[in-house]
Amino acid sequence: MKLPSAPKPRKRRSGPVAAETAPAAGHSPVGKGEAFAVVGIGASAGGLEAIEEFFRKLPPDTGNAYVVVQHLDPTHTTMLPELIGRVTDMPVTEVVHGMELAPNQVYVIPPNADLGVSAGRLQLSEPEAPRGLRLPIDTFFRSLAAERGAKSVGIVLSGMGSDGSLGLCAIREAGGLTLVQDPASAKYDSMPRSALESATADVVAAPAELAEQLLSILHFSGAATGAATGGVGEPDGSADSALEHAVALLRDHTGHDFSAYKKSTAYRRIERRMAIHQLPRIDAYVDYLRANPQEIDLLFKELLIGVTSFFRDPAAWGLLERQALPGLIAANPGGAALRAWVVGCSTGEEAYSLAIAFRETLERVKPKGRFSLHIFATDLHDDAIAKARTGLFPPNIAADIPLDRLARYFTETDSGYRVGKEIRQMVTFAPQDVILDPPFTKLDLLTCRNLLIYFEPELQKRLMALFHFSLNPGGVLFLGSAETAGTAGGKFEAFDRKVRLFRRMGGVERASLAAFPPRPEPRLPSLPEGPTPDAPRNTLAAMANQVLLERFAPAAVLVGHLGDIVYINGRTGRYLEPAAGKANWNVHAMARPSLRNELAAALQKATRDKADVAIGPLRIDDDAGGHLARVVVHYLDQPESMRSMLMIVFSELPEPAPASRRPGPRSPRAEKLESLLLQANEENRSHREEMQTAQEELKSSNEELQSTNEELQSTNEEMTTSKEELQSTNEELQMVNHELNARLDELSWASNDMVNLLNGTGLAAIFLTGEFKVRRFTTHATRFFKLIPGDVGRLLSDIVTDLVAVDLVADAENVLRTLLVSESEARTRDGSTFWVRIIPYRISDHTIDGVVVTFAEVTANQRPDLVPPK
């Protein structure tokens, strides 16, 4: 690709709009040598108006660099730099390869190029994706996040499609700032809505407000860098104390403990939230958390950093498919049901990537035995798990997945791509806290990518012991590019340390698992355990109550809303038993198998309806052979200390007496019932046969429908491809149309300026074509020729003139032949004298296309003796 030559920066002409770009209060220019932020702005259809509105609100000395990436027609030059230059006093330049970034500059991507940034310089490259499938905004945003980190800013404005949403995720992960135009203010809201669905936007507003918020946040974060740590590189004591309070608020509100989270990362994430709310110190932010519980949820999501993509780090996935997965298959020649655990799966991209890689490995290796892979994918974030379960992803995942994989394993929908059924069935998603919840065990493969780097070293060491315990001997551990198994003390052998792929070695050290703290029990109100020591325990009433409780009160348990047992009354052994393994005082785990399902349903119904629920009679199997029982779940709303708790009461029922058999003749009623029963059986058999016939017909119809569906899918894919190409062409045409309209406006103003200039100077001028036809004339030229607007296009020689003894056409022919200026005097019939000047009419490419005749009156300058007599 031929890289564009360096253009001159476009500066905005002065005018009324310039008043809007005066430096905002509190925003001073960046000092020389200071690190500056790079603001990436992505837009598509309808984005030009948003871009202009955004730059109108920016002063010329913000101290930031701005890079505009828009979907452009690859076959036409762009006028975007000139259009942006009209609304900003900052220099606007079209990017050339290797251009160095500088503050207070605006850079615009050229057509038919992908843009990146490396070592402070902008890098152009040829687009790899075909036209209609290119994602230049995502490409630049990802490069910007990798290069600038927390100094990167991504803004998504109006446009069609989903370009930019994955790039915003990368910027968010790197600690940068993300802003999205409010879809209600966007001409086309597809791109802003896609960005909002990815839950990565820090600010959502109209373009003008985005500019104000950007300056405010960047100015505050620059002035308050290190505010969370007391204004220095290392946190002071007060900052540590405030952080502990923030962690405690998170634990109380969400039930998750972030005390083992790396303090540097926690401070950095808190500083982002502080900058957005413009709070100067972390103790002020903690007060804000206490007063605004919804901010705790936002901070929780901020700390999770749920960023992922399909086949992230292709080199590592390549080694997994070439060595690790074939090794697991070869270790089980007779076939096996393999198990995998994806820790911190976020929205599911990595889990589905593993399923696709396993399917392709099976097809490539072609083992003799039968193999399957069950993937358990877990994450702390319930919203991420819910999104992963849908298996629906935006269209821009095409940048990470080859087209053949996309066509085979995904189904295209109006809103993106949905994972195919065969891949979806391989994955089970569940919320889980890897630190506190029990792990999955007997695993053949475990992936934990880019999660350990956010934990303190001690927790990393404990998690590596947990992973070693969970994996089978020879199992595979797949870590992120920034993580290592070195803390495991030789328990893992590396396939290739560059890609962090390891094989489990040796036996499990179960004692190390005891280092994990148990999940905190829910905070339940303390219950009275009986009379105080000072109370008279030997009174008759107290003794009677004790006897009643021991001999006549039913067996019962008091549980919280999650089923955790708080209090037990009476003998509950016939209904509950301790579960094997680690002690678990949860009624769901302790209920006998014949009672477990019915009890779980009753607890859920009682909690939902806030009412009592009775079940039974039930036969409950126990060590004595079983018995009948009735169970009532009471929802408690009084007293206040026990509100929302549940009381489960067990009542044993007597066995029913066996029915006595009386010999004798059968009654007519019995015979009639038997006849009806036989008739019903016969009808049932007939209906079953009819149903089987209908089922076979349905199968045949289903096969025909499947064939038709495949044909329709093929047609739909072709139509979708055509739609994408048309959509891309439409966006490019809209951009070209907007630029042409802007150029027409400029030409109209230039024409008006010229007409007013000529008329305002009083100059008489006639513009002639090469054939000496009238092209244009000023109003003062009608003094010499009887010209009207309808004479445009007529030969000048056909127009009646007041000039005496002058052949202007002959003089004009001489000027066109010699290209020399002709000057002469001419007189009119009223005796006035004029100086006639004829010059060639030159156009922009320096060619001659006619002449210009001008008349200047010189009557008053002549000597009296030269004036002809009246």
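Residues numbered from 1 in each chain as written. Predicted model: local features only at pLDDT ≥ 70, side-chain atom pairs only at ≥ 80, totals over all residues. Heavy atoms only, no water.

Trainee: Is there a simple way to explain the overall build of the chain in this structure?
Mentor: Within the chain, the secondary structure is distributed over 21 helices and 31 strands. Buried positions account for 43% of the 870 residues belonging to the chain. For the chain, the accessible surface area stands at approximately 45800 Å², while carbon and sulfur atoms represent 53% of it. (Helix = DSSP H or I, 4+ residues; strand = E, 2+ residues; numbered from the N terminus. Buried < 20%, exposed > 50% of the residue type's maximum accessible area, 1.4 Å probe, protein only. Areas by Shrake-Rupley, 256 points an atom, 1.4 Å probe, with all protein chains shown as cover.)

Trainee: Would you mind showing me how to read the sheet that holds strand β18 (residues 471-479) here?
Mentor: Remark on secondary structure: sheet strands pair via backbone hydrogen bonds, oriented parallel or antiparallel. Taken together, the seven strands give an open sheet; going across it, the order is β16-β12-β11-β17-β18-β20-β19, and neighbouring strands pair in mixed fashion. Among the strands making up the open sheet, the edge pair consists of β16 (427-431) and β19 (492-496). Ignoring strand direction, the axes of neighbouring strands in this sheet form an average angle of 20°. Across nine bridges, the pairing between strand β11 (residues 335-343) and strand β12 (residues 370-379) is parallel. For Gly 335, the partnering residue across the bridge sits in β12 and is Arg 370. (Pairing = 2+ DSSP bridges. Axes fitted to C-alpha atoms, helices over the stretch in contact; angles between N-to-C directions.)

Trainee: Mind showing me how you'd approach the packing of aromatic side chains here?
Mentor: One pair of aromatic rings is described through two measures. These are the centre distance and the angle between the planes. Tallying each qualifying case throughout the model produces 19 aromatic pairs. Each ring, one from Phe 310 and one from Phe 410, has its centre 5.6 Å from the other, and the planes form 85°; the classification is edge-to-face. Note that Phe 310 is positioned in the loop between α10 (293-304) and α11 (314-330) and Phe 410 in strand β14 (residues 410-413), a separation of 100 residues in sequence. Judged by its relative accessible area of 2%, Phe 310 falls in the buried class. (Phe/Tyr/Trp six-rings, centres within 6.5 Å; stacked < 30°, edge-to-face > 60°.)

Trainee: Would you mind showing me how to read the pairing of strand β22 (residues 565-569) here?
Mentor: Successive residues of a regular strand alternate their side chains across the two faces of the sheet. Relative to β22, strand β21 (residues 555-559) runs antiparallel, the two sharing four bridges. Across the sheet, residue Leu 558 finds its bridge partner in β22, namely Tyr 567.

Trainee: How should I be thinking about the side chain of Asp 138 in this particular structure?
Mentor: Summarising the element assignment, Asp 138 is placed in helix α3 (residues 136-148). One buried charge, Asp 138, has no salt-bridge partner; the nearest side chain with opposite charge is Arg 142, at 5.8 Å. In this structure Asp 138 touches Ser 162, Asp 163, Gly 164, Ser 165, Leu 166, Gly 167 and Asn 396, once residues within four positions along its chain are discounted. (Lys, Arg positive; Asp, Glu negative; His and termini not counted. Salt bridge = Lys/Arg side-chain N within 4 Å of Asp/Glu carboxyl O. Contact = heavy atoms within 4.5 Å.)

Trainee: What is the right way to look at the environment of Ala 742 in this model?
Mentor: Assignment of secondary structure puts Ala 742 in helix α20 (residues 668-761). Residue classification places Ala 742 among the buried residues on the basis of a relative accessible area of 5%. Along the sequence, Ala 742 and Glu 82 sit 660 residues apart, while their C-alpha atoms lie 9.9 Å from each other. Once residues lying within four places of it in the same chain are set aside, the contact partners of Ala 742 are Leu 83 and Arg 86.

Trainee: Honestly, the pattern of salt bridges in this entry has me stumped. Any pointers?
Mentor: Between side chains of opposite charge, a pair can form as their charged atoms come close. Using the criterion set out here, one finds 25 salt bridges in the structure. Between Asp 287 and Arg 290 there is a salt bridge, with the nearest N and O atoms lying 3.0 Å from each other. Separated by three residues within a single helix, Asp 287 and Arg 290 lie in helix α9 (residues 282-291), roughly one turn from each other. The partly exposed category is assigned to Asp 287, whose relative accessible area is 47%. On the basis of relative accessibility, which here comes to 47%, the residue Arg 290 falls in the partly exposed class. Bridged by salt links that share partners, the residues Asp 313, Glu 350 and Arg 449 form one connected network.

Trainee: In this structure, what is going on with the packing of helix α8 (residues 263-277) against α10? I would like to understand it.
Mentor: Viewed as axis vectors pointing N to C, α8 and α10 meet at an angle of 135°, and their least axial separation amounts to 10 Å. The orientation of α8 relative to α10 falls into the category oblique. Considering only the axes of α8 and α10, their crossing is right-handed. In this structure, α8 uses Ala 266, Arg 269, Ile 270, Arg 272, Arg 273 and His 277 to contact α10, whose residues at the interface are Glu 295, Leu 298, Leu 299, Glu 302 and Leu 303. Tallied by class, residues from the contact of α8 with α10 come to five nonpolar, one polar and five charged. (Parallel < 35°, antiparallel > 145°, perpendicular 65-115°, else oblique. Left-handed = near helix turned anticlockwise from the far one by under 90°. Nonpolar A, V, L, I, M, F, W, Y, C, P; charged D, E, K, R; others polar.)

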